[in-house]
Amino acid sequence: MKNNFFIKIEESSNMIKKEVNWKIINIKIYVFIMIEKLYNCKPNYIDKKTNIPIFKSQEININEFSIDKAAEIHDNALKWLFDTHNVKEEKLRREMIDKLQLKKGDTVLMTATGAGNDIKYIIEKIGSSGTLYAQDFAKEMLFAAYERTKAELNIDNYNIEFSVNDATDLPFNDNSFDATFHFGGINLYNDVKKGIDEMHRVTKNGGKIVFGDEGLAYWLKKTETGKA
Ligand SMILES: C[S@@+](CC[C@H](N)C(=O)[O-])C[C@H]1O[C@@H](n2cnc3c(N)ncnc32)[C@H](O)[C@@H]1O
């Protein structure tokens, strides 16, 4: 029969072993992420359910993208926007992505991914030999993008790296991407110039950058609509 003293020592040593094992697993995940991927710093943590690295995230409930059901609310806003302007959403998205002249095997960054509405069009172009890094500042939106992509594509056949971070302070090495794409979020950045500089920094020399956002056409600015 073990006495209490030895039982206590055994319990403590098991706890230490578990702690050490957990640290080793964490280090392995981190080393894997850093070596295999293009990140230039360590994530704050890795979401246990999705394995998505979280570098920096938008404060919860601070805007319409960081609240519960943010993606569904965004779906409604987009529908209203495209219907009001009589624009076909898929046509517009495809036209913008075509400007990147992507080819199979390219490594692409998409900033402010939102609920992932452009992912399938980019994946169609780069195929299973390419890699798409999809980032957003709001976990609620990015996690919705992950879930929707999983439901829509056979995600295991493609290289899609989701991450949560700030597009004005990207955690990627310089000259990493063949192309960078952005649609619809730049007007929300605290520092728009920094957002553009960051896209430029992480895109390879000779690579392509396409970004667009909704706004008032310059020829409407002096009209009643513009003044309103
Ligand atoms: C109007 S949605 C557009 C989403 C998507 N690109 C689309 O076309 O459907 C704007 C997105 O920009 C993201 N966003 C805002 N500021 C950001 C920042 N500093 N870094 C990364 N994403 C940001 C929001 O969280 C939101 O998901």
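Check the entry above for the structure.
Residues numbered from 1 in each chain as written. Predicted model: local features only at pLDDT ≥ 70, side-chain atom pairs only at ≥ 80, totals over all residues.

Engineer: Quick question: what am I supposed to make of the packing of helix H3 (residues 89-98) against helix H4 (residues 119-126) here?
Structural biologist: Between two packed helices, the angle of one axis relative to the other and the distance separating the axes together describe the packing. Close contact between H3 and H4 brings their axes to 10 Å; oriented N to C, the two are set at 40 degrees. Classified by the interaxial angle, the pair formed by H3 and H4 is oblique. Relative to H4, the crossing made by H3 is right-handed. Contacts from Arg 93, Arg 94 and Ile 97 of H3 reach H4 at Tyr 121, Ile 122 and Lys 125. Of the residues contributing to the contact of H3 with H4, the split by class is three nonpolar, no polar and three charged. (Axes fitted to C-alpha atoms, helices over the stretch in contact; angles between N-to-C directions. Helix = DSSP H or I, 4+ residues; strand = E, 2+ residues; numbered from the N terminus. Parallel < 35°, antiparallel > 145°, perpendicular 65-115°, else oblique. Left-handed = near helix turned anticlockwise from the far one by under 90°. Contact = placed C-beta atoms within 7 Å. Nonpolar A, V, L, I, M, F, W, Y, C, P; charged D, E, K, R; others polar.)

Engineer: Looking at this structure, I do not really get the site of the ligand. What am I missing?
Structural biologist: Among the 19 residues in the neighbourhood of the ligand, the closest are listed as Ala 112, Gly 114, Ala 167, Gly 184 and Gly 185. For the shell around the ligand, the per-class residue count stands at nine nonpolar, eight polar and two charged. (Near = placed C-beta within 6 Å.)

Engineer: Just checking my understanding: could you explain the pairing of strand E6 (residues 177-183) for this structure?
Structural biologist: Counting buried residues in E6 gives seven out of seven residues, a clear majority hidden from the surface. Pairing geometry for strand E3 (residues 107-111) and E6, over four bridges, is parallel. Bridge pairing links Val 108 to Ala 179 in E6. Relative to strand E7 (residues 203-212), E6 is paired through six bridges, and the arrangement is parallel. (Buried ≥ 20, exposed ≤ 12 C-beta atoms within 10 Å, placed from the backbone. Pairing = 2+ DSSP bridges.)

Engineer: Where do I start with the nonpolar core in this structure?
Structural biologist: Considering soluble globular proteins, one finds that nonpolar side chains tend to be buried as a cluster. In terms of nonpolar packing, the biggest core is built from 41 residues, with Val 108, Ile 122, Leu 132, Met 141, Leu 142 and Ala 145 touching the most fellow members. Contributions of two or more residues to this core are made by helix H2 (70-84), E3, H4, strand E4 (131-136), helix H5 (139-152), strand E5 (159-164), E6 and helix H6 (192-202). Of the residues forming this core, the biggest block, six residues, is contributed by H5. With residues up to four places along the chain from it excluded, the contact list for Ile 122 reads Ile 97, Leu 102, Val 108, Met 110, Leu 132 and Phe 181. (Core = buried A, V, L, I, M, F, W, Y, C linked by C-beta atoms within 7 Å.)

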